[in-house]
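# Working through the structure, step by step
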Amino acid sequence: MSKKLYVARSPRIAARMLGEEMLVMSGQGSTLFTLNPTATILWQAADGTTPLDEIVERRICSEFEVKPDEALRDAEALAEDLAKHGILLISEQPILERPIASTPLLQEQPQR
Amino acid sequence: MSSIMQEISDRALRLGVPFSVQLDLTYRCNEQCVHCYLDHDDHGEMTTVEIKHLLKEMAEAGVFILTLSGGEIFMRKDFFEILEYARSLTFCIKLKTNAVLIREAQAARLRDLGVESIQISIYSHRPEVHDAITKVPGSLRRSVNAIRFLRAQGLKVVVANVLMTENMQDYHGVRALADEIDAKYTLDPTITPKMDGDRSILDLNAGESALRRLFRDEAFVGNADKFCAPPPVPDEDSMKALPCSAGHTACYVSPYGEFYPCVQFPLSCGNVRQQRFIDIWRNSEQLKEVRSIRLRDLSNCSQCAHGSTCTRCPGLAFMEGNMRGPSTADCEKSFARTGIPSANLLAKKQNASIPRLVQIQLVPAITGSRLSGMGAPQVM
């Protein structure tokens, strides 16, 4: 893909960090997903205004030893997969209107 | 429970996360159901600000599934403000309501806010039965209309059919109604005591023969022989098993901020108006005690043939007087299902069958302090 892509968290999902993983429930069919650490980073950074290639460069390439081109291809595939499940919105324009779902809070890690 | 949800629930247990919370927003209600366990007067509900503060604490504590219930949630004028705030914190929201105040506009708003599901109480497909239970004429019609509005928005609706003597004949009709309006259906044959301990409404519980018929009804239980089969002998894993999620991955908060292990387990563990939600969850001595209990610790149930399959509710046991004791309502269900009496029922029967030929009591005339030395029991 040559055009810039913008990604945003869908306003109709429920989400919470549980340990190291992000739980996401799609409003479509109450389907529950767990995101691995890379997908979690992408999902958390999906603010609708930062282009996907910048998210990959700043948040994923800096965290994992991966080539930018390869990481971007993987991120695009992941974003499309999440979009298919109604978890993420994808657009070639910035996505500004997302009235409900904000960044999920990180919970305090309980001690038992 | 689906396997992924079970896996996530197990992980929440390992991490000590309160994964699922029921928050009752009010005990006020626009129906007056004959079997209701609540006091509907307002004794000082949490304000909008208090509830929002609590929701933020819950999100920080890791709560994912938030069930908003009551009373009737739509009796609160700030309901949509609370719901919108809760969704901004990305909770998975389930609602419990009688739905009589839901019209097209409310249904559309619920859809916009991304509510996961709405559970609606329907007692009968016949207005004369349903409305007699709710004591509100026209309530069945309004609730069913609301379900249609919600389904038209694509929302998931669960019809909750509580069974009691008044409507025991109608569960086929309610399920057919649920099918017709494209709602899911659940059935619950247990009436619980009032939260203040009053047990008079337990008389509404369906009797043993009605339960037996229900448990042999293959339209509801699948293979009846399998469902009603004698329980396997409890093994070591059963003895170590947790009774239920109450206090382990789930809890309940009342409209007054009282924190309990479950809505059916009125053991106060603290109040969120005085302590942080997470501090109660982590440090409450009452919760620690609830968490310590395993089947092997239960004096009666650990010896019971139903140990591995029993649905014993620790909250109902608590309301019976002992959280380590049996829940007789569950013993009766196990008996109706399998024909095998529980250890508790056997003990009760044994106690009842001992002839009371000898009664010992103090004779009133000689129990005064002046004659205390003579206050010996007298055999009658």
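Residues numbered from 1 in each chain as written. Chains lettered and ligands numbered in written order. Predicted model: local features only at pLDDT ≥ 70, side-chain atom pairs only at ≥ 80, totals over all residues.

Along chain B, the regular secondary structure elements total 16 helices and 11 strands. Relative to the 2.2 N^0.38 estimate, which gives 21 Å for 380 residues, the radius of gyration of chain B is 23 Å and therefore close to what a compact globule would have. Counting only C-alpha atoms, chain B reaches 75 × 50 × 45 Å along its principal axes. Here chain B holds 380 residues, and the buried ones make up 40% of them. A sequence separation of at least 24 residues applies to 67% of the contacts in chain B between residues at least 6 apart. (Helix = DSSP H or I, 4+ residues; strand = E, 2+ residues; numbered from the N terminus. Rg over C-alpha atoms; globule rule 2.2 N^0.38 Å. Buried ≥ 20, exposed ≤ 12 C-beta atoms within 10 Å, placed from the backbone. Contact = placed C-beta atoms within 7 Å.)

With that settled, consider the sheet that holds strand E5 (residues 47–51) of chain A. All names here are of chain A. Spatially, three strands are ordered E5-E1-E6 in an open sheet, and the strand pairing comes out antiparallel. What marks the edges here is a single partner per strand, and that holds for E5 and strand E6 (88–91). Put simply, the sheet's adjacent strands are angled 25 degrees from each other on average, direction ignored. Both strand E1 (residues 6–9) and E5 contribute to a ladder of two bridges, which runs antiparallel. Bridging across to E5, Tyr-6 finds its partner in Pro-51. The strands that helix H2 (residues 52–60) touches are E1 and E5; relative to E5, the one it contacts most, it runs at about 75 degrees. (Pairing = 2+ DSSP bridges. Axes fitted to C-alpha atoms, helices over the stretch in contact; angles between N-to-C directions.)

Right, let's get into the sheet that holds strand E4 (residues 117–121) of chain B. Residues and elements named next belong to chain B. Pairing within the open sheet is mixed, and its nine strands lie in the order E6-E5-E4-E3-E2-E1-E7-E8-E9. Of all the strands in the sheet, just strand E6 (184–188) and strand E9 (270–271) have a single pairing partner and so form its edges. Where E4 and strand E5 (residues 156–162) come together, five bridges link them in parallel fashion. For Ser-121, the partnering residue across the bridge sits in E5 and is Ala-160.

Take the confidence of the model for chain A next. Regions with low pLDDT carry predicted coordinates that are not meant to be interpreted in detail. Averaged over every residue, the pLDDT of chain A is 83; residues scoring 70 or more account for 81%. With pLDDT under 50 throughout, residues 106–112 of chain A is counted as low confidence; its partners more than four residues away or in other chains account for 15 contacts. (pLDDT = per-residue confidence, 0-100.)

Below, the discussion takes up the pairing of E5 of chain B. Two elements, E5 of chain B and E6 of chain B, share five bridges in a ladder whose sense is parallel. Each residue of the ladder has a partner; that of Val-158 of chain B, found in E6 of chain B, is Lys-184 of chain B.

With that settled, consider the packing of helix H1 (residues 37–45) of chain A against H2 of chain A. Residue and element names in this part refer to chain A. One way to put it is that H1 packs onto H2 with a least axis distance of 10 Å and a crossing angle of 125 degrees. The orientation of H1 with respect to H2, classified from their angle, is oblique. Note that H1 runs across H2; the crossing there is right-handed. Where H1 abuts H2, its residues Thr-38, Ile-41, Leu-42 and Ala-45 lie against Ile-55, Arg-59 and Ile-60. Residues of the contact of H1 with H2, tallied by class, amount to five nonpolar, one polar and one charged. (Parallel < 35°, antiparallel > 145°, perpendicular 65-115°, else oblique. Left-handed = near helix turned anticlockwise from the far one by under 90°. Nonpolar A, V, L, I, M, F, W, Y, C, P; charged D, E, K, R; others polar.)

Residues and elements named next belong to chain B. Gly-70 connects to Gly-71 through a cis peptide bond whose omega is 25 degrees. You will see that Thr-90, though not glycine, has its phi angle at about 60 degrees, which is positive. Here Thr-90 is to be found in the loop between helix H3 (79–88) and strand E3 (92–97). Judged by the 25 C-beta atoms lying within 10 Å of it, Thr-90 falls in the buried class. One non-glycine residue, Asp-182, adopts positive backbone phi at about 60 degrees.

Here we come to the packing of helix H5 (residues 127–134) of chain B against helix H6 (residues 139–152) of chain B. A pair of packed helices is characterised by two quantities: the angle between their axes and the separation of those axes. Residues and elements named next belong to chain B. Two numbers describe how H5 lies on H6: the axes approach to 8 Å, and their chain directions differ by 100 degrees. Regarding the angle of H5 to H6, the classification is roughly perpendicular. Here Pro-127, His-130, Asp-131 and Thr-134 of H5 lie close against H6, whose contacting residues are Ser-139, Leu-140 and Arg-141. Grouping the amino acids of the contact of H5 with H6 by side-chain chemistry returns two nonpolar, three polar and two charged.

Residue and element names in this part refer to chain B. Looking at chain B as a whole, its pLDDT mean stands at 90, while 92% of the residues score no less than 70. Counting interchain partners and residues more than four positions distant, the pLDDT-below-50 stretch residues 360–380 has 14 contacts. Prediction confidence for the complex, expressed as pTM and ipTM, is 0.87 and 0.81 respectively.

Counting 112 residues, the largest nonpolar core has Leu-42 of chain A together with Val-63, Leu-66, Phe-91, Ile-93 and Leu-150 of chain B as its most contacted members. Sort the elements by how many residues they give to this core and H6 of chain B lands first, with six residues. Apart from the residues lying within four places of it in its own chain, the contact partners of Leu-66 of chain B are Val-21, Leu-23, Met-58, Ala-86, Phe-91, Cys-92 and Ile-93 of chain B. Ranked by size, the runner-up nonpolar core spans five residues in total, among them Leu-295, Leu-298, Cys-304 and Cys-310 of chain B. (Core = buried A, V, L, I, M, F, W, Y, C linked by C-beta atoms within 7 Å.)

Turning our attention to the environment of Glu-31 of chain B. Residue and element names in this part refer to chain B. The residue Glu-31 is located in the loop between strand E1 (20–24) and helix H2 (48–61) in this model. For the pair formed by Glu-31 and Leu-83, sequence separation is 52 residues and the distance between their alpha carbons is 22 Å. Every residue in contact with Glu-31, bar those within four places of it in the chain, is listed here: Glu-72, Asn-98, Thr-134, Lys-135, Val-136 and Ser-139.

If you check helix H1 (residues 3–15) of chain B, its first and last C-alpha atoms are 18 Å apart, about what 13 residues at 1.5 Å a residue would give, namely 18 Å. With its phi angle positive at about 70 degrees, Gly-16 of chain B sits one or two positions after the end of H1 of chain B. (Expected span 1.5 Å × (residues − 1).)

This next bit is on the environment of His-172 of chain B. Residue and element names in this part refer to chain B. Inspection of the secondary structure puts His-172 in helix H7 (residues 171–180). On the basis of neighbour counts, which here come to 12 C-beta atoms within 10 Å, the residue His-172 falls in the exposed class. Taking the C-alpha atoms as reference points, His-172 and Ala-219, 47 residues apart in sequence, are found 8.7 Å from one another.

Attention shifts here to the environment of Arg-73 of chain A. All names here are of chain A. Looking at the secondary structure, you find Arg-73 in helix H3 (residues 68–84). Exposure remark for Arg-73: the 13 C-beta atoms within 10 Å place this residue in the partly exposed category. Spatially, the C-alpha atom of Arg-73 lies 9.5 Å from that of Asp-53, the residues being 20 residues apart in sequence.

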